[in-house]
Amino acid sequence: MAAAGAEAAAVAAAEEEEKRLPEGDPESGGDSEDEGDSESSGDGEDEEKENEAEIQRLEEQLSINAFDYNCHLDLIKLLRQEGELVKLRRARQKMSELFPLTEEIWLDWLKDEIKMASESSEREKVYELFERAVKDYICPEIWLEYAQYSIGGIGQEGGIEKVRSIFERALTAVGLHVTKGTALWEAYREFENAILETAQPAPGSVPSPEQQQMLCSQLEKIHTLFRRQLGIPLLDMEASYAEYEEWSEDPIPETIIKNYKKALQQLEKCKPYEEALLGAETPKLAEYQAYIDFEMKAGDPARIQLIYERALAENCLVPDLWARYNQYLDRQLKVKELVLSAHDRAVRNCPWTVGLWIRYLLAMERHRVDHGIISEMFEKALNAGFIQATDYVEIWQAYLDYLRRRVDFTQDSSKELEELRSAFARAVEYLKQEVEERFSESGDPSCTIMQNWARVEARLCNNMQKARELWDNIMTKGNAKYANMWLEYYNLERAHGDTQHCRKALHRAVQCTSDYPEHVCEVLLTLERIEGTLEDWDAAVQKTENRLARVNEQRAKAAEKEAALAKQEEEKAEQRKQARAEKKASKKAKKNRIGDKRKADDDDEGEWGQEEEEQPSKRHKGDGDGVLPEEDMEVETGLFGRSGPEKPDRPANQKEKASTSRKDIPKVLHDSSKDNVTVFVSNLSYNMADPEVKLKELFESCGEVAEIRPVFSNKGIFRGYCYVEFKEEKSALQALGLDRKVVEGRPMFVSPCVDKNKNPDFKVFRYSTTLEKHKLFISGLPFSCTKEELEDVCKAHGNVKDIRLVTNRAGKPKGLAYVEYENEAQASQAVLKMDGLTVKEHVIKVAISNPPLRKLPDKPEAGRASQFAVPRQVYGARGKGRTQLSMMPRALQRQSNPVAKAENGMVQNSPATSSEPPEEPKKMSNADFAKMLLKKWFLYGFVQM
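Residues numbered from 1 in each chain as written. Predicted model: local features only at pLDDT ≥ 70, side-chain atom pairs only at ≥ 80, totals over all residues. Heavy atoms only, no water.

**Comments concerning the packing of helix α15 (residues 301-314) against helix α16 (residues 319-333)**
Geometrically, a packed helix pair is captured by the angle between its two axes and the distance between the axes.
For step 1, the next point in the chain: Following both chains from N to C, one finds α15 and α16 inclined at 160 degrees, their axes separated by 10 Å at the closest point. As summarised for this structure, α15 and α16 are arranged roughly antiparallel, according to the angle between their axes. The crossing of α15 and α16 is left-handed. On α16, the residues that touch Pro301, Ile304, Gln305, Tyr308, Glu309, Ala311 and Leu312 of α15 are Leu321, Trp322, Arg324, Tyr325, Tyr328 and Leu333. (Axes fitted to C-alpha atoms, helices over the stretch in contact; angles between N-to-C directions. Helix = DSSP H or I, 4+ residues; strand = E, 2+ residues; numbered from the N terminus. Parallel < 35°, antiparallel > 145°, perpendicular 65-115°, else oblique. Left-handed = near helix turned anticlockwise from the far one by under 90°. Contact = heavy atoms within 4.5 Å.)

Okay, here's the thing in structure tokens:
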């Protein structure tokens, strides 16, 4: 093993020497010219110019926004590719000052610096870089690289002790790592074995007492390393134990065997959690939390700290995880260097989280950090870019609390007191200008900071004059109408002021309060009852009575105005309803006139009952072509006297044949007992050919399909919706997952089959309507933006789980999208970096997803249900769309028909409007129906004359 260590050291030295060879060395072929390179020199120059332009663009971008993380990464990648070592070092330095660097970035940086470090002074800079790297995250790979690099300086003074010191620190940091700690222990032992090999006397020589003592000491070091390692639960412990048995000349002591078995038992307990981490996908938060809970029960602080560090290395942008870790360190370990380091890393990783900054300030105060450093950290917090205006109020309040605790209020005046007052004034000004300009609100509408300032002046400084000035300022900021604000000021005056100012404050409150004036009046009367004179009592009674009388009068007027507005809205609604009814009636009459005239013209050609096949087709909004069939166009021009080009007779097309054949299909009643195995499919294209075949292919992936019932009009035209019945209920539930799937260019809606007459409040909405902190709402997108293009923009700021482009019912984009990230931290970072971004010459707006409450249709009052002939509109399962189209089939909306009618598989049950059974309409023959229409047409022509 010692030979192996020496061989590894020799190989490393040879590699390091090879790296130092100049580029023009003949052995490396630096002076020879490659013919292929000369042929492609033109392409290389073009690529170099492009890279230089891109580097310049990235540098300009960072000068505008230094917190663009991905811009830093792109710049470092290009500079490393171009070999710009000076600029590369500067770029990495700037990035490391703003962000903790990942393990990969640190390793690349360290390897580049190691290649260039040849002198001892340069080696010291590499050591400093390693020290910075190990502070960002607990990374076994970086510690191992650090220890191995330090072996290269073993020839310097104190080199061996320095290597041992680094190895010991590495073992303290990551030696307990169950899966990666073994590599460090083995590297440490190999180093000590190499030293033991060099200390061995030459063959055949007798070692001196000093050499013998050195050998014994070195052997004891290796024994100690083995014994320490075997007492820790690490993977492949059995191999380490076997190696120790083989290496040791003496039998292993019983205490070591006992510790080894105990560690094995502990390893068995840890294995399920390690296996869960290996099998889980990022971010593994649930698995890490279970592991943390397990270690917390065991109670070993070192292991608890390590598992937290492992979790944070993979989830460094999760504020809650940092908060729990810092709370544990603050309350349990309480080691200054460890606590402050963790807090510093937390705010560097999640600078947008105000809670982490507040905890950092408290920790620094708790550990007696210098006031200048705390103030400097507070200034950094102000520049961290919080997401909400209230965050700035919280950080200011935390800093002001810290300054207040520094003041000795037994003195009339002090430097600390003046600093506190100036900080209060600055906070008020900062919220008024900086925060209000950015968020259009100060974040402190109740002026809590000014209230606290007033309390400090009144209670601690005995300066009621200043407190009254502050409260006067608070009231002028729109707070005078709130009773609780006046009562807060009254309580302060009551405790630290005098009765005269209390009375004055309450009289002003009675005059100004608009939300709860009765409460203020009661407090004023209570004051005068206890301390006032008769004149004060009379004045208070008169003032409160007058004020309450005005308030009641104003409330009555407001109620009357509100009632009048409500009545106007009802009248307008009634007028709109009547207008729609009249318009519908006029259209129906016009249609009857057109049909009557067509019958008069075509009476000689066929029977009366055949005119239905000749009527023009209604144009459906969902049709793809958007034009009427040619046969219908001929009829339209003939009706209105316009001559069109004559077309030769031709046989009916396939659509007409299909329509005719579908008319003969008997209508199937829908069995409501099968609703649990049936789904309702809507928003399909009217032009879909053979809906049964198309939809069966689509839904067979969910399970065995029993029946598909498309709904057709009386003329055999597909109406865009159908019922899909499965054999099993689980298949129907799985089919709901196809909701919003694009079919022939339109989003298909799939919802449970529910009778809306029995369940009028039933609503189905696939997406969340509440605040989702891990999801973004993006508006202002160009309509041409695809899902892939948006994903390319968003994935630069985190792991994107899902993207949904919002479309209308026809499948056309609306310029809106929802983007779901893995966690809240990534979404918050994306908001900061993407809001205001330009995408295809469109400036987009990005915010955390927080949809407004969905407005439900008003329920008609029971007393007015029978007043209108037209029933209230019943919207579908998704509510009323922005196009004002209801997705409820028209056949299901005809509830005013007195007789229940079955149409294409759905039974219509109209609500009873009378206690008497409806009279069955008289059946008419074709001849009777013709006479009726001719009579109406005759009367209409007579009126026109």
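**Examining the side chain of Asn315**
For step 1, the next point in the chain: If you trace the backbone, Asn315 turns up in the loop between α15 and α16.
For step 2, the next point in the chain: Of the polar contacts made by the side chain of Asn315, one reaches the backbone oxygen of Pro283; its length is 3.0 Å.
For step 3, the next point in the chain: If sequence neighbours within four positions are ignored, Asn315 has contacts with Pro283, Leu285, Tyr288 and Leu321. (Polar contact = N/O pair within 3.5 Å; in protein donor to acceptor, adjacent residues only side chain to side chain.)

**Looking at unusual backbone geometry**
For step 1, the next point in the chain: Each neighbour pair has its own omega, and for Thr282 with Pro283 the value is 15 degrees, a cis peptide bond.
For step 2, the next point in the chain: Position of Pro283 relative to the elements: it lies in the loop between α13 (254-279) and α14 (285-298).
For step 3, the next point in the chain: Its identity is not glycine, yet Lys284 carries a phi of approximately 60 degrees, on the positive side.
For step 4, the next point in the chain: Along the chain, Lys284 falls in the loop between α13 and α14.
For step 5, the next point in the chain: Lys284 gets classed as buried once you look at its relative accessible area, which sits at 15%. (Buried < 20%, exposed > 50% of the residue type's maximum accessible area, 1.4 Å probe, protein only.)

**Observations concerning the pairing of strand β3 (residues 718-726)**
Both faces of the sheet carry side chains from a regular strand, because those side chains alternate between them.
For step 1, the next point in the chain: Of all 9 residues in β3, 9 are buried, a share of seventy percent or more.
For step 2, the next point in the chain: In terms of strand pairing, strand β1 (residues 678-682) meets β3 through 4 bridges, oriented antiparallel. Pairing of Thr678 across the sheet is with Glu725, part of β3.
For step 3, the next point in the chain: Sheet topology note: the strand β2 (residues 705-712)/β3 ladder contains 6 bridges and is antiparallel. Bridged to Phe712 within β3 is Phe718.
For step 4, the next point in the chain: In this structure, the hairpin formed by β2 and β3 is closed by a connection of 5 residues, where Gly716 is found at a positive phi of approximately 85 degrees. (Pairing = 2+ DSSP bridges.)

**Details of α15**
For step 1, the next point in the chain: The first and last C-alpha atoms of α15 sit 21 Å apart over 14 residues, in line with the 20 Å expected at 1.5 Å per residue.
For step 2, the next point in the chain: Buried within α15 are the following residues: Arg303, Ile304, Leu306, Ile307, Tyr308, Glu309, Arg310, Ala311 and Leu312.
For step 3, the next point in the chain: Those residues of α15 hidden inside the fold are in contact with α9 (159-174), α13, α14, α16 and α17 (336-349). (Expected span 1.5 Å × (residues − 1).)

**As for the pattern of salt bridges**
For step 1, the next point in the chain: Going through the model one piece at a time under the given rule, you end up with 42 salt bridges.
For step 2, the next point in the chain: When the shortest N-O distance is used, the salt bridge between Arg405 and Glu365 registers 2.8 Å. Residue Arg405 is located in helix α20 (residues 389-406), and its partner Glu365 is located in helix α18 (residues 354-366); the two are separated by 40 residues in the primary sequence.
For step 3, the next point in the chain: Overall, the relative accessible area of 40% leaves Arg405 in the partly exposed class.
For step 4, the next point in the chain: By sharing partners, the salt bridges in this structure join Arg80, Arg92, Asp108 and Asp112 into a single network. (Salt bridge = Lys/Arg side-chain N within 4 Å of Asp/Glu carboxyl O.)

**Focus: the confidence of the model for the protein**
For step 1, the next point in the chain: Model confidence for the protein is summarised by a mean pLDDT of 79, while 76% of its residues fall at 70 or above.
For step 2, the next point in the chain: Confidence drops under a pLDDT of 50 for residues 600-655, and excluding neighbours within four residues, the segment shows 56 contacts in the predicted structure.
For step 3, the next point in the chain: Considering only residues more than four positions removed or in separate chains, one finds that residues 856-920, a stretch of pLDDT under 50, has 98 contacts. (pLDDT = per-residue confidence, 0-100.)

**Remarks on the sheet that holds strand β6 (residues 772-779)**
For step 1, the next point in the chain: Strand order in the open sheet made by the 4 strands is β7-β8-β6-β11, with antiparallel pairing throughout. Both outer strands of the open sheet, β7 (800-807) and β11 (845-849), are each paired with one neighbouring strand and no more. Taken over all neighbouring pairs, the strand axes of this sheet differ in orientation by 25 degrees on average, direction set aside.
For step 2, the next point in the chain: Both β6 and strand β8 (residues 813-821) contribute to a ladder of 5 bridges, which runs antiparallel. Bridge pairing links Ser779 to Leu816 in β8.
For step 3, the next point in the chain: Contacts from helix α32 (residues 787-794) reach β6, β7 and β8 within the one sheet, and its direction differs from that of β7 by about 135 degrees.
For step 4, the next point in the chain: Against the sheet, helix α33 (residues 824-834) touches β6, β8 and β11, its axis set at about 25 degrees to β6.

**Quick notes on the packing of aromatic side chains**
For step 1, the next point in the chain: A complete count under the given rule lists 32 aromatic pairs for this structure.
For step 2, the next point in the chain: Judged by centre distance (5.6 Å) and plane angle (65 degrees), the ring pair of Tyr127 and Tyr149 falls under edge-to-face. Taken together, the residues Tyr127 in helix α7 (residues 120-136) and Tyr149 in helix α8 (residues 140-151) connect sequence positions 22 residues apart.
For step 3, the next point in the chain: Linked through ring pairs, Phe378, Phe386, Tyr392, Trp396, Tyr399, Tyr402, Tyr430 and Phe439 together constitute an aromatic cluster.
For step 4, the next point in the chain: The cationic tip of Arg123 hangs over the ring face of Tyr149; the distance from NZ or CZ to the ring centre is 4.3 Å.
For step 5, the next point in the chain: For the cation-ring pair, Lys162 lies above Tyr127, with the distance from its terminal atom to the ring centre recorded as 3.6 Å. (Phe/Tyr/Trp six-rings, centres within 6.5 Å; stacked < 30°, edge-to-face > 60°. Lys NZ or Arg CZ within 6 Å of the ring centre and 35° of its normal.)

**Some words on the packing of helix α22 (residues 448-460) against helix α23 (residues 464-479)**
For step 1, the next point in the chain: Remark: α22 packs on α23, axes separated minimally by 8 Å, with the N-to-C direction vectors making an angle of 165 degrees. Between α22 and α23, the angle is such that the two are roughly antiparallel. The two elements α22 and α23 cross, and the hand of that crossing is left-handed. Note on element contacts: α23 touches α22 through Met464, Lys466, Ala467, Leu470, Trp471, Asn473, Ile474 and Lys477, opposite Met450, Gln451, Trp453, Ala454, Glu457 and Ala458.

**Description of the environment of Val407**
For step 1, the next point in the chain: Checked against the element boundaries, Val407 lands in the loop between α20 and α21 (415-439).
For step 2, the next point in the chain: Using a relative accessible area of 10% as the deciding quantity, one classes Val407 as buried.
For step 3, the next point in the chain: Taking C-alpha positions, Val407 is 9.2 Å from Glu418, a pair spaced 11 residues apart along the chain.
For step 4, the next point in the chain: Ignoring sequence-local partners within four residues, the contact set of Val407 consists of Ser414, Glu416, Leu417 and Leu420.

**Observations concerning helix α24 (residues 483-496)**
For step 1, the next point in the chain: Helix length check: α24, at 14 residues, gives a terminal C-alpha distance of 20 Å against a target of 20 Å (1.5 Å per residue), a fit within 8%.
For step 2, the next point in the chain: Buried residues of α24: Ala483, Met485, Trp486, Leu487, Tyr489, Tyr490, Leu492 and Glu493, and no others.
For step 3, the next point in the chain: Against α22, α23, α25 (499-512) and α26 (517-531) lie the buried residues of α24.

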